[in-house]
Amino acid sequence: MRGLIGNKRVEISKEEALQFLKTGQVAHVASVGEDGFPYVIPFVYVYEGEDKLYLHIGNIRESHFWTNIKSNSQISIEVSETGALHPGKKYACQSALVYTSVVLFGTVKHITDDSKKEWFFDRLLEKYGDPKWRFEKEGYPVLPKIELFEIQIEQVTGKHNEGLMH
């Protein structure tokens with residue numbers, strides 16, 4: 001049942017879904033706590049291909065997310081982009097949203113290697129930053145306060161809807 005897409009008309013290939021992950025901006029990450037409740041939080045992320053995605057938390061050693069993944073390393077991630085809402089012809093409830101969305105399931109691994117953290121922040125600045133930015137000093141002196149996570153992607157599905165087709 002996990003990852004099942006009921007409307008095959010909007011389903012995209014795994015390759016298209018992975019390509020979309022490269023350009024997506026916000027990953028909504030779902031973890032589950034020991035109490036069984038899900039918790040979703042937005043993250044910036046780095047995905048360059050293959051079967052691994054990276055995200056981080058900052059100077060928060062005991063966040064809700066961090067506590068959840070210590071007891072259950074299985075997570076789900078959703079990345080989406082929405083477009084216009086097409087109005088229905090007869091009824092408002094027949095309206096349709098233009099969108100692309102990708103959902104993945106995977107397992108979190110905590111990364112402590114500083115060289116991998118540097119790699120992550122270099123990629124993060126390439127993706128989200130401005131090439132014109134100049135900093136007073138080079139490097140990443142707060143790496144010890146950063147928790148980096150590698151998500152091993154186990155399953156990925158995607159959908160793309162062009163809105164109303166009639």
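Parameters at a glance
- Residues numbered from 1 in each chain as written.
- Predicted model: local features only at pLDDT ≥ 70, side-chain atom pairs only at ≥ 80, totals over all residues.
- Heavy atoms only, no water.
- Helix = DSSP H or I, 4+ residues; strand = E, 2+ residues; numbered from the N terminus.
- Contact = heavy atoms within 4.5 Å.
- pLDDT = per-residue confidence, 0-100.
- Pairing = 2+ DSSP bridges.

Considering the overall build of the protein chain
Helix and strand content of the protein chain: 3 helices and 7 strands. In sequence order, the protein chain lays out its α and β elements as β-α-β-β-β-α-β-β-α-β. Projected onto its principal axes, the C-alpha positions of the protein chain cover 60 × 45 × 25 Å. Once local pairs closer than 6 in sequence are excluded, the contacts in the protein chain between residues at least 24 apart make up 74%.

A short note on the confidence of the model for the protein chain
Overall, the prediction assigns the protein chain a mean pLDDT of 91, with 96% of residues at 70 or greater. Within the protein chain, no element has a lower average pLDDT than strand β1 (residues 11–12), which sits at 84, and none a higher one than strand β2 (residues 27–32), at 98.

Some details on the pairing of strand β5 (residues 74–86)
Summarising the sheet, β2 and β5 pair through 4 bridges and their orientation is antiparallel. Across the sheet, the residue bridging to Val 29 is Ile 77, located in β5. Relative to strand β6 (residues 96–111), β5 is paired through 11 bridges, and the arrangement is antiparallel. When the bridges of β6 are listed, Ile 77 appears paired with Leu 104.

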